[in-house]
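Residues per chain, in single letters:
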Amino acid sequence: METQTQNNTSKGKFIVFEGIDGSGKSTQLQLLLQKLREKKINYYETREPTDSPIGSMIHQIMTGRITTDNKVIAALFVADRLDHLLNKTDGICEKINAGTTVISDRYYFSSYAYHSVDMDMDWVIQANSICADLLKPTCTVFIDTDPDEAMRRISNGRSKSELFETRERLILVREKYLEAINKQSESETVIIVNGNNDFHQVADDIWQKLHSYF
């Protein structure tokens, strides 16, 4: 993942991009990084699942090379997330404490939304509570995109879909995202952006809501 450095003695921010598959969040993350480079802001770009051994197993499950129960998948995401936070080589808790702002493509709201389709959301939230205790996002950006538009983008963008990339699933996941955001409204800072707009408009909307953090 990409790192941009400068001297900075203050604690870094933690900005997370969330959305259903095909929402445009990865594109919007890159557009935000462009803004940060222009402003010479110290940042580290990352994502979940990670490229760790646990994350690599998750990637194999998502692409159908390994099959397992959804509860196992949920537990693997928690394990990968903890390693993401605490890994001695590139753990993001240490980076933020050192003054680096971390921009992540997905964090625990992804688990809340995707896994609670198959199991109780409160269980998923509790399973991730150790991660939330270690590090809550400064702000989570939820790009709210219509599932039909998301499926159109997925179909145009690649030849093979992953495990959760069906219209029916994305409809349920979007509903679970909104449920989780409402459920966590008192303890989390989440901004919701209309992802159906032109990507330049989406980027402008995001920056208008995030620029005060930088």
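Above this text is the structure in question.
Conventions and cut-offs
Residues numbered from 1 in each chain as written. Predicted model: local features only at pLDDT ≥ 70, side-chain atom pairs only at ≥ 80, totals over all residues. Heavy atoms only, no water. Salt bridge = Lys/Arg side-chain N within 4 Å of Asp/Glu carboxyl O. Helix = DSSP H or I, 4+ residues; strand = E, 2+ residues; numbered from the N terminus. Buried < 20%, exposed > 50% of the residue type's maximum accessible area, 1.4 Å probe, protein only. Core = buried A, V, L, I, M, F, W, Y, C linked by side-chain atoms within 4.5 Å. Contact = heavy atoms within 4.5 Å. Expected span 1.5 Å × (residues − 1). Patch = residues over 30% accessible without salt bridge, like charges linked within 9 Å, V, L, I, M, F, W, Y side chains within 5 Å. Areas by Shrake-Rupley, 256 points an atom, 1.4 Å probe, with all protein chains shown as cover. Phe/Tyr/Trp six-rings, centres within 6.5 Å; stacked < 30°, edge-to-face > 60°. Lys NZ or Arg CZ within 6 Å of the ring centre and 35° of its normal.

1. So, the pattern of salt bridges
Okay, step 1: Taken as a whole, this structure holds twelve salt bridges when the rule is applied.
Okay, step 2: Among the ionic pairs, aspartate 105 bridges to lysine 25, the shortest N-O distance being 2.5 Å. One end of the pair, aspartate 105, is in strand S4 (residues 101-105); the other, lysine 25, is in helix H1 (residues 25-38), and 80 residues separate them in sequence.
Okay, step 3: Relative accessible area serves as the criterion here: at 12%, aspartate 105 is assigned to the buried category.
Okay, step 4: Classification of lysine 25 by relative accessible area gives buried; the value is 9%.
Okay, step 5: The partner of arginine 174 in a salt bridge is aspartate 144, and the shortest N-O contact between them spans 2.7 Å. Residue arginine 174 is located in helix H9 (residues 167-183), and its partner aspartate 144 is located in strand S5 (residues 139-144); the two are separated by 30 residues in the primary sequence.
Okay, step 6: Classification of arginine 174 as partly exposed rests on a relative accessible area of 26%.

2. Here's the deal with unusual backbone geometry
Okay, step 1: Looking along the chain, the bond that leaves glutamate 48 and enters proline 49 is cis, with omega of -5°.
Okay, step 2: When you line up the elements, proline 49 lands in the loop between strand S3 (43-47) and helix H2 (53-62).

3. Observations concerning the nonpolar core
Okay, step 1: Core analysis: the largest hydrophobic core is formed by 33 residues, its most contacted members being Phe14, Tyr107, Leu135 and Tyr177.
Okay, step 2: Contributions of two or more residues to this core are made by strand S2 (14-18), helix H3 (70-86), helix H4 (92-97), helix H5 (108-115), helix H6 (121-127), helix H7 (129-134), helix H8 (147-157) and H9.
Okay, step 3: Among all residues touching tyrosine 107, those that are not within four sequence positions of it are Phe14, Val16, Glu18, Glu48, Arg81, Leu85, Cys131, Leu135 and Pro137.
Okay, step 4: Grouped together as the second largest cluster of nonpolar side chains are 18 residues, Ile15, Leu32, Tyr43 and Trp207 included.

4. Topic: H1
Okay, step 1: Helix length check: H1, at 14 residues, gives a terminal C-alpha distance of 20 Å against a target of 20 Å (1.5 Å per residue), a fit within 8%.
Okay, step 2: On its buried side, H1 packs onto S2, S3, S4, S5 and helix H10 (199-210).

5. Focus on a nonpolar patch on the surface
Okay, step 1: A surface patch of nonpolar side chains, amounting to about 260 Å² of accessible area, comprises Leu86, Ile130 and Leu134.
Okay, step 2: Using a relative accessible area of 37% as the deciding quantity, one classes leucine 134 as partly exposed.

6. Some points on the side chain of threonine 140
Okay, step 1: Inspection of the secondary structure puts threonine 140 in strand S5.
Okay, step 2: The exposure class of threonine 140 is buried, given its relative accessible area of 2%.
Okay, step 3: If sequence neighbours within four positions are ignored, threonine 140 has contacts with Val16, Glu18, Phe109, Thr189, Val190 and Ile191.

7. Section: the packing of aromatic side chains
Okay, step 1: Throughout the structure, instances matching the rule amount to eight aromatic pairs.
Okay, step 2: When the ring of phenylalanine 14 is compared with that of tyrosine 107, the centres are 5.0 Å apart and the planes differ by 80°; the resulting orientation is edge-to-face. A residue pair is termed long-range when its members are at least 10 positions apart, and phenylalanine 14 in strand S2 and tyrosine 107 in the loop between S4 and H5 qualify at 93 residues.
Okay, step 3: Here phenylalanine 14 falls in the buried class, since its relative accessible area comes to 1%.
Okay, step 4: With a centroid separation of 5.1 Å and 65° between ring planes, the pair formed by phenylalanine 109 and tyrosine 112 is classed as edge-to-face. Separated by three residues within a single helix, phenylalanine 109 and tyrosine 112 lie in helix H5, roughly one turn from each other.
Okay, step 5: What makes tyrosine 112 buried here is its relative accessible area of 1%.
Okay, step 6: One residue, lysine 95, lies across the ring of tyrosine 44, its end atom 4.3 Å from the ring centre.

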